[in-house]
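Structure assessment
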Amino acid sequence: MGVALTRSAQWTAAGYGTRTLEITPLNESILQEIVKFVESFTYKYLQEAKFVFVEPLEWKTNLEASAFESGYIVSETTAKSEEADKNGQPLLFLSASQIKVRSFGQLSQLLLIAKDTKLQEAQACVEANRDPIVKILGTDYGEMIEDTSSLKILDKITKDDEHETYIKRKIAVLLKQLDLHLLNHSLKHISLEIYLNPGTFKKDIELLKRFSGKGEQTVLESIEYTSDYVFSNGCRAPPWRQIRGEICYVLVKPHDTETLCITCSAEGVYLNGGKTEEEGEINYERQGEIYKDLVTCLKDKSRVFSENMSKQEVRVNEEQWKDQIDEKLKSEGASHASVAGLEKSKQEKNQINFGKSHMTKRLEPSLNWRATVDYKDHKSSIKDSQEGKQGKPEKPRASASSGRARLLRKGVEKVEETVSESSSESEEDEEPPDHRQEANADLPSEYWQIQKLVKYLKGGNQTATVIALCSMRDFNLAQETCQLAIRDVGGLEVLINLLDTDEVKCKIGSLKILKEISHNPQIRRNIVDLGGLPIMVNILDSPHKSLKCLAAETIANVAKFKRAHRAVRQHGGITKLVALLDCAHSTAEPTQSSLYETRDVEVARCGALALWSCSKSYSNKEAIRKAGGIPLLAQLLKTSHESMLIPVVGTLQECASEENYRAAIKAERIIENLVKNLSSQNEQLQEHCAMAIYQCAEDEETRDLVRLHGGLKPLASLLSNTDNKERLAAVTGAIWKCSISKENVIKFREYKAIETLVGLLTDQPEEVLVNVVGALGECCQEHENRVIVRKCGGIQSLVNLLVGINQALLVNVTKAVGACAVEPESMMIIDHLDGVRMLWSLLKNPQPDVKASAAWALCPCIENAKDAGEMVRSFVGGLELVVNLLKSDNKEVLASVCAAITNIAKDQENLAVITDHGVVPLLSKLANTSNDKLRRHLAEAISRCCMWGRNRVAFGEHKAVAPLVRYLKSNDTNVHRATAQALYQLSEDADNCITMHENGAVKLLLDMVGSPDQDLQEAAAGCISNIRRLALATEKARYT
């Protein structure tokens, strides 16, 4: 926290008083983050919140003693906390306007009391306590936070046994994490600001000079730079000031004030301390606020400038427009000049002189004086040299199409991508930056040697070409420098052209090189741009198996992004790749079966590799299925070759995300082989098999097949190896999905998998945690498993995960905590760990899935808590938050909130509070729903809410009765029972009885009196009884 406040926060100049925080958006943002940290500290870190500071944090407050209520001893001018340290000193003491706080718990409580003024309190505290860490933990810890990483602090924690020391060290880690968070937050905030540049100031100053001089109509008397020196980056400030973002300094003489010395910086414009007459030095310290530009600053400082500027506004706009036209004409002239110089640049010997642009997004300090060459001319020469370096392909057929055609093709492809490609594709969706070697870079000798070989490829005969290809393969083509050397001199075009020749040796040599260098993302895209994929697809029809293998492997490397996926499919590549899988069954040379069999297996393996890459697209998955790929993949899955099995299982794993594939996988009896390969010694194969089971186990029949084929035991045994995190994520995912079936859960309990899963709740990546918690959520639906989780200490680990931000993890954690809360013993632990408060806070989460899951979890918590009513009321604003969630548009959120309200309303005081918050009209608005899940819980909530005041009458007034009658026509018995109970409660009001009778409730309820469900019977009979009594009373009144 100390580093962030020192380096990121913006402080005023020292002057004669204490430095204070400036009123800036960045400072306000930092203070808000500190307030969030302190507010959440109490319920996140219970023990640490009680820790007593070494010295109290003391500052001048605006709070009065009367603001402190329960938990404090209050007099007319003082207030002190009932909570005290071991010496009897209060942890919070207010006297007049001075306040002393000695624990995070009291700091958090203070912010709750401050309400709207908590930011001002936080600012006063930070300003008065410039080194808060020393006051909280002592001088030793102040040095540790500055000099030591969190890992070293944690190392000391493990070596110290004393409890107080442990707590201090843990707080030190938390403060270190806050410090890093504030620094990162500040960087994000600063990166969003717009920075000014020298060009902007130059235009403004030159424009103001045109309208300055003697006379009443001029805007200024004069405006001049303080320095005539101009650096190459356009700045006039000294280099040691450029580091601070300063660009130049100007002396401005308005008509009505003294001469102003103004600093123009990347952050804005402000007055400095002026220029001293004796030494001529500038006092660089800022005086006053920062303005967005020079004109705004001068308007604020000079009334005459503001008036005259408004009069001259039309002329100023015209001048700016003329400047823009001139710039445009100059840039067009420069571009024409670059075209004229193109022929000359082509004859230059050095073809890789790319140059380096002087224009950068952020201003960099410069010590070089301005060059005499104009930037635009320099840029033109750069463009010439870049165009001149490109080599000519041997044959026009294989080269890239013209620029215009390529642009049109890209435009069409972009439209197609949004329609035809799978949303699951994430790899390389964004174009990577184009890496070009700089002219002044220290390039290795290999770079120049490869360029010479490419020249031989371009101009040599067949023998020279083959020798050049072999020589090129002697280089380390996995090295990026070698890969880019081939591309930079037009080698890719030549290699792709060679694929279109009739020489097999040339094709093989070219493909071997392309296979190696296509691991580079930029090279892949260049190959696609140059039309290389259609040629490779055509090679798949070759009778030479070596060519087929190399082409398929290269396609596997290239087809890693959407455009490549589509190119393979559109040129018939999917069908040809699927045909390669059948090579193992079409051998025609029985005399040399072993040799040919090996080659066939290699062809099939390479085909499977290419299909694996292509299968990340939904359209390609469908194409593979229609081409008959699933039976062939199922056949290959029976092989013993691990190199074959990995791409086969990988393809199945990708495709299993689609329902059509899952049905086909069951039909082809693939699950049995996936289970068999879980026992392999190859970790990558185990990972892909587990991932395929994870994808397929959404289906109940598949889950049963995994159990019947003995797949649960190897899955449970793989949990013990936690080194390979990718495999662990896949295995835990498969266990999670298999745990949806109760029979599988029983088996996992036998294999001691639940205890192992509890052990994985800490020190694991989020991908693993999501699956582990999901599995425990399913397992904890049964009593025996809930006991195991509790005894293994799993509840505390689960509650600790409630403070995360991962949406999928929060959904699973809330479900698991809710399942555990069914047990009274577990509920006591959850309550003790403040888990219910954390669940309640998740109702504020922006994600509907998290809100709904949290609300469902709260239901068993409220139902099984010892003093549920008081617990719910202790959450400040909690009941209002729940009621407001009834305004959501998400059906799952509405159903879960209605279920929570049903449990909350069991306490009469809570029912009264939510009634005051308007629960009746909000529930009534939801009555016209057709969702049976929402209907059931809504009816239960209405039934409970009827038991307070005149809520029965209010539901009738808000038109909730007639829609409820229609619920009785549902096919769901649970809806019938809840509705009958709600109608029974509503029928206590005469007007509601009339509405029910008019909407045909009696006939529907009569049918339900004979239901085997006793609760439904009683509710239906009670409602009919109330309606009948009203009818008899009405009839009696009529005759009397």
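Position numbers for residues start from 1 in each chain and track the written sequence from start to end. pLDDT decides what is reported in this predicted model: residues at 70 or higher carry local features, side-chain atom pairs at 80 or more are listed and counted, and totals for whole chains, interfaces and linings draw on all residues regardless. Working from all heavy atoms in the structure, the side-chain values ignore hydrogens and water.

As named in an unreviewed UniProt entry, the chain is Outer dynein arm docking complex subunit 2, taken from Nannospalax galili. UniProt positions are given in the numbering used here, feature names are shortened, and annotations may be inferred rather than shown by experiment. As stated in UniProt under Subunit (unreviewed entry), the record for the chain gives "Component of the outer dynein arm-docking complex along with ODAD1, ODAD3, and ODAD4. Interacts with CFAP61."

Here we come to the overall build of the chain. For the purposes of this entry, the term helix denotes a DSSP run of H or I that reaches at least four residues, the term strand denotes a run of E that reaches at least two, and both are numbered from the N terminus. Scanning the chain from terminus to terminus reveals 58 helices and twelve strands. Relative accessibility decides the category of a residue: with a 1.4 Å probe and only protein chains considered, values under 20% of the type maximum give buried, values over 50% give exposed, and everything between is partly exposed. Going through the 1040 residues of the chain one by one, you find that 49% of them count as buried. Partitioning the intrachain contacts of the chain with sequence separation of at least 6 by distance along the chain shows that 69% fall at a separation of at least 24. Every accessible area reported is derived by Shrake-Rupley at a probe size of 1.4 Å, with residue values counting cover from the shown protein chains alone. For the chain, the accessible surface area stands at approximately 52000 Å², while carbon and sulfur atoms represent 49% of it. We call two residues in contact when some of their heavy atoms are within 4.5 Å.

Along strand β4 (residues 92–95), the buried face is formed by Leu92 and Leu94; none of Phe93 and Ser95, which line the opposite face, is buried. Of the pairings in the sheet, the one linking strand β3 (residues 78–81) to β4 comprises three bridges and is antiparallel in character. Residue pairing in the sheet places Ala79 in a bridge with Leu94 of β4. We treat two strands as partners when DSSP finds at least two bridges between them. Note: β4 against strand β5 (residues 98–101), four bridges, orientation antiparallel. Counterpart to Ser95 in the pairing with β5 is Gln98. Linkage of β4 to β5, two consecutive antiparallel strands, is achieved through a turn of two residues, within which Ala96 is found at a positive phi near 60 degrees.

By convention, a stacked pair of Phe, Tyr or Trp rings (six-membered ring in the case of Trp) has centres within 6.5 Å and planes under 30 degrees apart, an edge-to-face pair has planes over 60 apart, and any other such pair is tilted. Per the counting criterion, the structure on display carries eight aromatic pairs. Judged by centre distance (6.4 Å) and plane angle (85 degrees), the rings of Phe37 and Phe104 are edge-to-face. One end of the pair, Phe37, is in helix α2 (residues 25–44); the other, Phe104, is in helix α4 (residues 104–114), and 67 residues separate them in sequence. Judged by its relative accessible area of 15%, Phe37 is buried. Look at Phe104 and you get buried, because its relative accessible area is 3%. Seen in terms of ring centroids, Phe53 and Phe104 are 5.2 Å apart; in terms of plane orientation they differ by 80 degrees. Their pairing is edge-to-face. Of this pair, Phe53 sits in the loop between α3 (46–49) and β1 (57–60) while Phe104 sits in helix α4, and the two are 51 residues apart along the sequence. The same class applies to Phe53 and to Phe104, which are both buried. Members of the aromatic cluster, connected to one another through ring pairs, are Phe37, Phe41, Tyr45, Phe53 and Phe104. Charges are assigned to positions over rings by a cutoff of 6 Å between ring centre and Lys NZ or Arg CZ, combined with an angular limit of 35 degrees from the ring normal. Across from the ring centre of Tyr270, 5.8 Å away, lies the NZ or CZ of Arg286, which sits over that ring. Lys737 extends its terminal NZ or CZ atom over the ring of Trp736, reaching a point 4.2 Å from the ring centre.

In spatial order, the strands read β6-β7-β8-β9-β12; together these five strands make up an open sheet with antiparallel pairing. Strands with a single pairing partner mark the edges of an open sheet, and in this sheet they are β6 (222–225) and β12 (287–291). Averaged over all pairs of adjacent strands, the angle between their axes in this sheet comes to 25 degrees, without regard to strand direction. As defined by bridge partners, strand β7 (residues 246–253) adjoins strand β8 (residues 260–265) across six bridges and the pair is classed as antiparallel. Looking at the pairing, Tyr249 lines up with Thr263 of β8. Helix α10 (residues 198–210) rests against β6, β7, β8 and β9 (268–271) of the sheet, and its axis sits at about 145 degrees to β6. For every element, the axis is a line fit to its C-alpha atoms; helices are fit only across the contacting stretch, and the angle between N-to-C directions ranges from 0 to 180 degrees.

Turning our eyes to something else, we now look at the side chain of Asn992. Here Asn992 is to be found in helix α56 (residues 990–998). Setting aside chain neighbours within four positions, we find Asn992 in contact with Arg952, Gly956, Val961 and Leu986.

Along the chain, the position of Glu940 falls in helix α52 (residues 932–945). On the basis of relative accessible area, Glu940 is assigned to the partly exposed category, the value being 22%. Along the primary structure Glu940 and Ile901 are separated by 39 residues, whereas in three dimensions their C-alpha atoms are 9.0 Å apart. Those residues in contact with Glu940 that lie beyond four places of it in its chain are Thr902 and Ala978.

Turning to the sheet that holds strand β2 (residues 72–74), a few remarks are in order. Strands in a sheet are paired, the pairing made by backbone hydrogen bonds, and the direction either parallel or antiparallel. One open sheet accounts for five strands, arranged β1-β5-β4-β3-β2; its pairing is antiparallel. Since the sheet does not close on itself, it has two edges, and those belong to β1 and β2, each with one partner. Mean inter-strand twist for the sheet, computed between neighbouring axes without regard to direction, equals 10 degrees. Packed on one face of the sheet, α4 meets β1, β2, β3, β4 and β5 and runs near 140 degrees to β5.

Time to look at helix α12 (residues 294–301). When we look at burial in α12, the residues that qualify are Leu294, Cys297 and Leu298. Projected onto a plane normal to the axis of α12, the buried residues spread over an arc of 95 degrees and lie on a single side. Pairs of N or O atoms within 3.5 Å make up the polar contacts considered here, provided that, within protein, one atom can donate a hydrogen while the other can accept it, and that residues adjacent in sequence are counted only when both atoms are side-chain atoms. Its side-chain oxygen placed 3.4 Å from the backbone nitrogen of Val295, Asp293 serves as the N-cap of α12. Arc definition: it is the arc formed by the directions from the helix axis to the C-beta atoms.

Attention shifts here to the pattern of salt bridges. In the sections that follow, a salt bridge refers to a side-chain nitrogen of Lys or Arg positioned within 4 Å of a carboxyl oxygen of Asp or Glu. Evaluation of the coordinates by the stated rule reveals 33 salt bridges. Between Arg102 and Asp85 there is a salt bridge, with the nearest N and O atoms lying 3.1 Å from each other. Of the two residues, Arg102 is situated in the loop between β5 and α4 and Asp85 in the loop between β3 and β4; the sequence distance between them amounts to 17 residues. Across the pair, Asp85 and Arg102 agree in class, each one buried. Between Arg935 and Asp932 there is a salt bridge whose closest N-O contact spans 3.5 Å. Of the two residues, Arg935 and Asp932 both sit in helix α52, three residues apart, roughly one turn of that helix. A network of salt bridges, in which partner residues are shared, links Lys515, Glu553, Glu602 and Arg605.

Residues given the UniProt feature "repeat: ARM" (unreviewed entry) here are residues 531–573, 877–919 and 959–992. Between the end C-alpha atoms of residues 959–992 the distance is 10 Å, and the span holds 71% helix and 0% strand.

So, on to the state of the cysteines. When the sulfur atoms of two cysteines come within 2.5 Å, that pair is taken as a disulfide. Under the defined criterion, the tally for this structure stands at zero disulfides. The structure places no disulfide on Cys945, whose sulfur is separated from the nearest cysteine sulfur, that of Cys946, by 7.5 Å.

What follows is about the packing of helix α31 (residues 642–655) against helix α34 (residues 683–696). Two elements in contact, α31 and α34, have axes whose closest approach is 9 Å; the angle formed by their N-to-C orientations is 25 degrees. Comparing the axis directions of α31 and α34 gives the class roughly parallel. Both α31 and α34 take part in a crossing whose hand is left-handed. Contacts between α31 and α34 involve Glu642, Leu645, Ile646, Val649, Gly650 and Gln653 from the first element and Gln684, Leu685, His688, Cys689, Met691, Ala692 and Gln695 from the second. In the scheme used here, Gly and all other residues not listed as nonpolar or charged are polar, with Ala, Val, Leu, Ile, Met, Phe, Trp, Tyr, Cys and Pro taken as nonpolar and Asp, Glu, Lys and Arg as charged. In terms of residue class, the contact of α31 with α34 is built from seven nonpolar, five polar and one charged. Should an angle lie under 35 degrees it is considered roughly parallel, over 145 roughly antiparallel, and from 65 to 115 roughly perpendicular; all remaining angles are considered oblique. Each crossing gets its hand from how the near helix is turned against the far one by less than a right angle, where anticlockwise is left-handed and clockwise is right-handed.

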